[in-house]
Amino acid sequence: GVAKKFFSEEEYAYLLAVPEPERIKIFYWIWSRKEAVLKALGVGLHFSLSSFSVVNADKMEVSLQDKSHWYLESFDVHPDYQAAFATQQKIEKTLLRKWK
C-alpha cells in the first residue's frame, strides 16, 4: 500500500515486476533513493514523492519538475538495509569502506 501511494507509476511497475522474494529489498532501494533526493533538496516528506522517479538505473539521474538534475548512488550497507545519496555533481566513482 505504501508503494502504491508514494511511488511514481514507473517505480510501482518496477517493484511489481521483480520476483516476490526480492520486493522488500527493492522497495527499500527505491525508498532510500527517494529519501536521498529529498534530503539533498532540503525538503521534507511534504514534497510529492510520486512526482519523480528514481528507478532509471542506466543513468542514475533524476530530473525534477524544476528541471534540476540529481545523480544517485545506491549501495548495500547490510543485507537488510539499503542506503543512497544524491548530488548534483556527476558521480564518477564511489568507495564504500566496511569497518570491522
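Residues numbered from 1 in each chain as written. Predicted model: local features only at pLDDT ≥ 70, side-chain atom pairs only at ≥ 80, totals over all residues. Heavy atoms only, no water.

Engineer: Sorry, what's going on with the overall build of the chain here?
Structural biologist: Secondary structure assignment for the chain yields three helices and three strands. Overall, the chain shows an N-to-C arrangement of helices and strands of α-α-α-β-β-β. Put simply, the chain has 100 residues, and 34% of those count as buried. Put simply, 37% of the contacts in the chain that link residues at least 6 apart link residues at least 24 apart. As displayed, the chain offers around 7,100 Å² of accessible surface, 53% of which is attributable to carbon and sulfur atoms. (Helix = DSSP H or I, 4+ residues; strand = E, 2+ residues; numbered from the N terminus. Buried < 20%, exposed > 50% of the residue type's maximum accessible area, 1.4 Å probe, protein only. Contact = heavy atoms within 4.5 Å. Areas by Shrake-Rupley, 256 points an atom, 1.4 Å probe, with all protein chains shown as cover.)

Engineer: What is the right way to look at the pairing of strand β2 (residues 69-78) in this model?
Structural biologist: Each regular strand shows side chains that alternate between the opposite faces of the sheet. Alignment of β2 against strand β3 (residues 81-87), held across seven bridges, turns out to be antiparallel. Pairing of His78 across the sheet is with Tyr81, part of β3. Between β2 and the antiparallel strand that follows it, β3, lie two residues. (Pairing = 2+ DSSP bridges.)

Engineer: What should I look at first to understand the side chain of Ser8 in this one?
Structural biologist: With respect to the helices, strands and loops of the structure, Ser8 is situated in the loop between α1 (2-6) and α2 (9-17). Look past the residues within four positions of Ser8 in its chain and what remains in contact with it is Ser50, Phe52 and Ser53.

Engineer: I'm lost on the packing of aromatic side chains in this one. Help?
Structural biologist: Geometrically, a pair of aromatic rings is defined through the distance of the ring centres and the angle of the planes. Evaluated as defined, the whole model comprises seven aromatic pairs. Relative to Phe27, the ring of Phe7 has its centre 5.3 Å away and its plane inclined at 25°; by these criteria the two rings are stacked. On the criterion of sequence distance, the pair formed by Phe7 in the loop between α1 and α2 and Phe27 in helix α3 (residues 23-41) is long-range, its members being 20 residues apart. Like Phe27, Phe7 is buried. Where Tyr14 meets Trp29, the ring centres are 5.9 Å apart and the plane angle is 25°; that geometry is what we call stacked. Here Trp29 lies in helix α3 and Tyr14 lies in helix α2, a separation of 15 residues in the sequence. Trp29 gets classed as buried once you look at its relative accessible area, which sits at 14%. Taking NZ or CZ as reference, Lys34 lies 4.1 Å from the ring centre of Phe52, over its face. (Phe/Tyr/Trp six-rings, centres within 6.5 Å; stacked < 30°, edge-to-face > 60°. Lys NZ or Arg CZ within 6 Å of the ring centre and 35° of its normal.)

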